[in-house]
Amino acid sequence: MLHHIMSRAAAKTNVRTSRRGFLIGAAVVSGGFAVGFRAAPAFAQDPVPGPINPLAAYIHITADDRVTILSSQFDMGQGSYHGIMTLVLEELGARPDQTDVIGACGNIPAYGNAAAGGFAQFSGGSTSMASSWDRYRLAGAAAREMLVAAAAEAWSVPAAEITVANGALTHPTAGTASFGALAEAAAGMAIPEASALKTEADWTIIGKDEVRRADSASKTDGTHPFTIDVALPGMLTATMIHPPRFGATVRGFDATAALAIPGVRDVVATPRGVAVVAENMWASLQGRDAVTVDWDETTAETRGTAEIMALYRDLAAKSPAATALVEGDSAAAMSTAVRTVEATYEFPYLAHAAMEPLNAVARMNADGTLEIWAGHQMPDLYQFIASEVAGITPDKVILHVMKTGGGFGRRGVGDADVIVEAVATARAVGWSAPVKV
Amino acid sequence: MPTLGINGQSRDIDAPDDMPLLWALRDIAGLTGAKFGCGQALCGACTVHVDGVPTRSCQTFIGDVAGSEITTIEGVTGRVAETVQSVWVAMDVPQCGYFQSGQIMSAVALLSETPKPTDDDIDGAMSGNLCRCATYHRIRGAIHEAARQLEA
């Protein structure tokens, strides 16, 4: 059992190290996606110098008394939105029934993964709650203090005499006010430098069953909106013909038969393959089967599974191997072991097999902004890559972070594959319509 | 242009007869509760009722179900459906939720036919509905709980 736990710890260390290595590498290559270019997603605060205002970056309270928590962590079904909601509610004192959670991005100081150094926003390696544990409890506590300060000012009473519960502030003589009534004033109050957090003995929400997942109902009656359900006026649906080998490019294609199929609007080349653009998914799927593509495999990966596995074996046999964990003197312990067990583990190239297919919707707006709906697991990177593909600046790219039908790591990829496909296809049809891939 | 009965309403679907019912529902009728997973009737995400029988809509041509009564997650009603859905929420069955529409349509059909299903009955009726989040244990528990409530 101990060995199992240690293996897990080692594996986790590797995951974090490799992802960090990748992201730093990507930052160098791309010249600065990680250094906070101005971003303009729908629900985010531009990075500004100074302390982060919790009522701008993490918790939006509106006059209609709705509380919206902005989650830095992507929810692919694992329940990160719910976990973060419990952290905020524990300290804030809002009611669950007035609270929603949405995905946020575009502000690395606020949303960078705190469990991995905070240099970039991403969800992965089971770090979402570790990243959020202090951040969102402190945000809830600071927001509560700002609401209290606003009430104290409005009522001319000492803040210490005000209590907060069930989405309302109460003073023995001054009366009571809803969060919504005080929201605007609270957002302008001084941002607390340090807020005291509840101790475990006082928790009523964290680790308890009283607050339930807010999305169970919509995931039970068919109304929960996934990316595949996004419908925009005039939207076209595209399916991709990917190359048979990674890295192959399109030399040419014959779309004559596909274009004769009712509903097929266009067939276009993209950097990731050929896209069949149609009025609906069925026409697109039929069109995809009718296109013949001439692939250029000059730059393609040509090795097969057996050759790649042989390469891995060769690399693994070479010394020195990377050390994941050192604890005690294992060499000495092994030399005196009564019995030794050796095993070699080989893992094939696996499909993550998230049940909602990889998908994204891209729409270029008249004002020059590009909106992208998708499971943005690494949003800042995707924003940057999308801007490159679209030929615009990153501040014009607006990401809508959708909850997705699974992910299992597959929606966090360094080349932003399906995002590129949606943007490149929309661009290839002259931005004439929103495109869902 | 086939005419389909969808959730109690007669609708003319402006699409070829060989369009799968799933895409007619999602892209023509605007009913997106049934999901696309594999497109080969292997995963159950697209399950709807055709004349009360759970059916994989991705492999059902609309020309073949003209005149049939189709029920989707948006239109499923009655005591069994309401009980299943309320138990699903009470027991927090969904995680990502993407395949739950299909799970519920299969569960409603099972309980309508077999009010007191055994574990084997459940496995038999639900084996065509995948869940990559592996909520199977909660699905089985929720079906038993729904059966218990429906019996009461």
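No experiment lies behind these values; they were computed from the predicted model shown.

(A) Inspection of the sheet that holds strand β14 (residues 397-401) of chain A at higher detail. Residues and elements named next belong to chain A. Pairing is mixed in the open sheet, where seven strands are placed in the order β9-β10-β7-β15-β12-β13-β14. If you trace the sheet from one side to the other, it starts and ends with β9 (264-270) and β14, each paired once. Pairing analysis gives five bridges linking strand β12 (residues 360-364) to strand β13 (residues 370-374), with the strands arranged antiparallel. From the neighbouring strand, Arg363 faces β13, where its bridge partner is Glu371. Strands in contact with helix α8 (residues 281-290) are β7 (236-241), β9 and β10 (273-278); relative to β7, the strand with the most contacts, it is inclined by about 25°. Contacting β13 and β14, helix α11 (residues 379-390) crosses the sheet at an angle of about 135° to β14.

(B) Quick peek at the packing of helix α2 (residues 79-90) of chain B against helix α3 (residues 100-113) of chain B. All names here are of chain B. One can describe the packing of α2 onto α3 by two numbers: an axis separation of 9 Å at closest approach and a directional angle of 130°. One way to sum up the angle between α2 and α3 is to call them oblique. Two packed elements cross with a definite hand, and for α2 against α3 that hand is right-handed. Contact residues: Val80, Ala81, Val84, Gln85 and Trp88 in α2; Ile104, Ala107, Val108, Leu111 and Ser112 in α3. Class assignment for the residues of the contact of α2 with α3 results in eight nonpolar, two polar and no charged.

(C) Examining the domain arrangement of chain B more closely. Residue and element names in this part refer to chain B. Once the domains are mapped, chain B shows domain 1 (3-71) and domain 2 (79-151). Distance between the C-alpha centres of domain 1 and domain 2: 21 Å. With 13 residues of domain 1 at the interface, the matching set in domain 2 holds 10 residues. The set of elements that each furnish at least two residues to the side of domain 1 that touches domain 2 consists of β3 (47-50) and β4 (53-56). Per-element tally for the side of domain 1 that touches domain 2: the top contributor is β3, with three residues. Among the residues making up the side of domain 1 that touches domain 2, the classes are represented as seven nonpolar, five polar and one charged.

(D) Summary view of helix α5 (residues 128-155) of chain A. All names here are of chain A. Relative to the 40 Å expected for 28 residues at 1.5 Å per residue, α5 spans 39 Å between its end C-alpha atoms, a close match to the ideal helical length. Asp134 marks where α5 bends most, by close to 30°. One or two residues past the end of α5 sits Ser156, with phi positive at roughly 55°.

Scoring rules and cut-offs
Residues numbered from 1 in each chain as written. Chains lettered and ligands numbered in written order. Predicted model: local features only at pLDDT ≥ 70, side-chain atom pairs only at ≥ 80, totals over all residues. Pairing = 2+ DSSP bridges. Helix = DSSP H or I, 4+ residues; strand = E, 2+ residues; numbered from the N terminus. Contact = placed C-beta atoms within 7 Å. Axes fitted to C-alpha atoms, helices over the stretch in contact; angles between N-to-C directions. Parallel < 35°, antiparallel > 145°, perpendicular 65-115°, else oblique. Left-handed = near helix turned anticlockwise from the far one by under 90°. Nonpolar A, V, L, I, M, F, W, Y, C, P; charged D, E, K, R; others polar. Domains from an automatic or database assignment. Expected span 1.5 Å × (residues − 1). Bend = angle between axes of the 7 residues up to and from the residue.

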